[in-house]
Amino acid sequence: MSFKVFGLASAMALSAATAQAQSDPCGDVISAGDAISLEQATRQALAADLRPELAIAGVRAARTERAIAALRPADTVSVEIEDFPGTGLASNIDSLQITGSFSRVWERGGKREAREAFASSGVGVAQAGTAMAAYDIREEVETLYLETAIAEEQIALACDRVRIAQDLEAAVQKRVDAARDPELARATAISDRLRAVADVRRYAAKAENLRAALGAYWQAGADIRIEPDILDTHLIPRPLDVSALYSPELERLNAERLQTAARIELDRKQAIPDVTWSVGVRKFGIEDDLAVIGGASIPLGASIRSDTAVARARAEQRRIEVQRDVLQQDLLRRAIGYQRNAITALDQIEEIDTALLPAATEAVELARDGYARGAFSYLDVIGAQRSVAILREERLAHLRTYILNEAALARLAPPADMPTTRLETPQ
């Protein structure tokens, strides 16, 4: 078992132990150590994940094929024995003939160079696989990182609800003790507090599972810390440059298109037949009688086979070109969809921040002040408070939609200064 696989199993066991040890979801459980940035998490995941190694192994194999393609056809040495002594009339050893010959293929029409070019294009296809591995890992890590940030924000909102519920419960208790509110009000306040605590624990478990899933990429536990301001740094609209749309799948198709073009050129060269020539010596019987022999052979029908192979390669090239066009069309549609979703979510966030949430917060303050004076009931206070909680949760849901769509858009149209995650493939 490799170190990476063993480390992954250890990280899973560690995260389970951490989950059992956590008892106060509103406490600062993850406080030790520095926060890891998204780019650091991506680099560590790339270093620990086995998929890049698999892709690099494919590149090495393709380079080996290129080295093999540079070799010319192997020479042939043959020995033939004819009229071997038998019985009766065939028992005379003087009729024995032994022939030794050397044969070499004369490749014509630049087949060797075309074969090398085709093998080199295979290296390009394999290198596109390394880009796909890096892209997939970056997407997975980035999604987990942002989902973890959202879950931790959900914990913070739930903890605010717990603190508010505790304050309201204390205020209700005083009014119940003074016989100004019925026992039902205290029971309702306790129920609201317990519900808020249950939400905190639920979100805490969700956040821990996400941290454990994220840390498992580089054999870390669930005690990793992410940047606390990661959500705020993403609140910047991203312009869409349709000319810069990128996908490793598009890169792979481009490499396959080049490979098919090299295949067409190689198949064209096959129309010129090779010549196999041979030279040798033939010995007759037991005497010293020798003869020099030679010959050449040329295959027939090479042009027909070449034309058929070229037609097949052209059809494959056309299929790849159409598939590339379909992918580019799909990338454009996805990018526009991501951008529209992000802009819509940002508009909703702005409306909540500038109009809805301030009004709901003011209503809570008025309700709490009126409740303290006996003008409103506890249900009025909790109703106003629930409106604020609902708006905050809606804002967080819109924020999640915004940052996930922005991240997806950034992967499709990365800025020029974005750090690269392309893998270096050793020679």
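Figured I'd write up the structure that's included with this text. Per chain, the residues get numbers from 1 upward, laid out in the order the sequence is written. Residue-level local features of this predicted model are given only where pLDDT is at least 70; pairs of side-chain atoms are given and counted only at 80 or more, and the full residue set underlies all totals for whole chains, interfaces and linings. Side-chain descriptors were evaluated using all non-hydrogen atoms of the structure, hydrogens and water having been removed beforehand.

With that settled, consider the environment of glycine 124. The way it works is that DSSP assigns letters per residue, a run of H or I at least four long becomes a helix, a run of E at least two long becomes a strand, and they are numbered from the N terminus. By the element assignment, glycine 124 lies in helix H4 (residues 111-177). On the accessibility criterion, glycine 124 (25% relative accessible area) is partly exposed. For glycine 124 and alanine 62, which are 62 residues apart along the polypeptide, the C-alpha to C-alpha distance reads 8.6 Å. Relative accessibility decides the category of a residue: with a 1.4 Å probe and only protein chains considered, values under 20% of the type maximum give buried, values over 50% give exposed, and everything between is partly exposed.

Here we take up a nonpolar patch on the surface. Among the surface-exposed residues, Trp106, Trp277, Val279, Val281, Leu290 and Val292 lie close enough to one another that they form a single nonpolar patch of about 620 Å² accessible area. Of all the secondary structure elements, the ones that give two or more residues to the nonpolar patch are strand E3 (275-284) and strand E4 (289-297). Per-element tally for the nonpolar patch: the top contributor is E3, with 3 residues. Its location among the elements puts valine 281 in strand E3. Its relative accessible area of 41% is what places valine 281 among the partly exposed residues. Here a patch means residues that are over 30% exposed by relative accessible area and free of salt bridges, tied together within 9 Å if like-charged and within 5 Å if nonpolar (Val, Leu, Ile, Met, Phe, Trp, Tyr). Each accessible area value is a Shrake-Rupley result obtained with a 1.4 Å probe; residue values ignore everything except the protein chains displayed when judging cover. A pairing counts as a salt bridge when a side-chain nitrogen of Lys or Arg comes within 4 Å of a carboxyl oxygen of Asp or Glu.

A few words on the pairing of E3. The pairing criterion is simple: DSSP has to find at least two bridges between the two strands. Across 10 bridges, strand E2 (residues 97-106) lies against E3 in antiparallel orientation. For serine 103, the partnering residue across the bridge sits in E3 and is serine 278. The pairing of E3 with E4 spans 9 bridges and is classified as antiparallel. Across the sheet, the residue bridging to threonine 276 is serine 297, located in E4.

In this section: the nonpolar core. The definition of a nonpolar core used throughout is a set of buried Ala, Val, Leu, Ile, Met, Phe, Trp, Tyr and Cys residues joined through side-chain atoms within 4.5 Å. Judged by nonpolar contacts, the single largest core of 42 residues is most densely connected at Val141, Tyr145, Leu214, Trp218, Leu231 and Ile403. Put simply, the parts of the chain that give this core at least two residues each are helix H2 (38-48), H4, helix H5 (183-215), helix H7 (302-373) and helix H8 (378-412). By the convention used here, residues are in contact when the closest approach between their heavy atoms is within 4.5 Å. In contact with leucine 231, other than residues within four places in its own chain, are Ala149, Ile150, Glu153, Leu399 and Ile403. Formed by 17 residues, the second largest nonpolar core is a distinct cluster that contains Ala189, Ala360, Tyr371 and Ile382.

Moving on, we come to the packing of H2 against H4. Angular values range over 0 to 180 degrees, each being the angle between N-to-C directions of two axes fitted as lines to C-alpha atoms, with helices fitted over their stretch in contact. The interhelical angle for the contact between H2 and H4, taken along N-to-C directions, is 135°, at an axis separation of 9 Å. It follows that H2 is oblique to H4 by the angle criterion. As H2 runs across H4, the sense of the crossing is right-handed. Along its contact with H2, which presents Leu38, Glu39, Ala41, Thr42, Ala45 and Leu46, the element H4 presents Ala134, Ile137, Arg138, Val141, Glu142 and Tyr145. Ten residues, namely Ala, Val, Leu, Ile, Met, Phe, Trp, Tyr, Cys and Pro, are considered nonpolar, four, namely Asp, Glu, Lys and Arg, are considered charged, and the remaining ones, Gly among them, are considered polar. A per-class count over the contact of H2 with H4 returns 8 nonpolar, 1 polar and 3 charged. Working rule for angles: under 35 degrees goes down as roughly parallel, over 145 as roughly antiparallel, 65 to 115 as roughly perpendicular, anything else as oblique. Two helices crossing with the near one rotated counterclockwise from the far one by less than a right angle form a left-handed crossing, whereas a clockwise rotation gives a right-handed crossing.

Using the criterion set out here, one finds 28 salt bridges in the structure. A salt bridge links glutamate 152 to arginine 211; the shortest N-O distance between them is 3.0 Å. With glutamate 152 in helix H4 and arginine 211 in helix H5, the pair connects residues that are 59 residues apart, well separated along the chain. A relative accessible area of 5% places arginine 211 in the buried class. Ionic contacts of the salt-bridge type, sharing partners, join the residues Arg161, Asp199, Arg202 and Glu393 into one network.

Time to look at the packing of H4 against H7. Interhelical geometry of H4 versus H7 gives an angle of 20° and a closest axis separation of 11 Å. Between H4 and H7, the crossing angle belongs to the class labelled roughly parallel. Where H4 crosses over H7, the handedness of that crossing is left-handed. Facing Ile164, Asp167, Leu168, Ala171, Val172 and Arg175 of H4, the residues of H7 in contact are Arg368, Tyr371 and Ala372.

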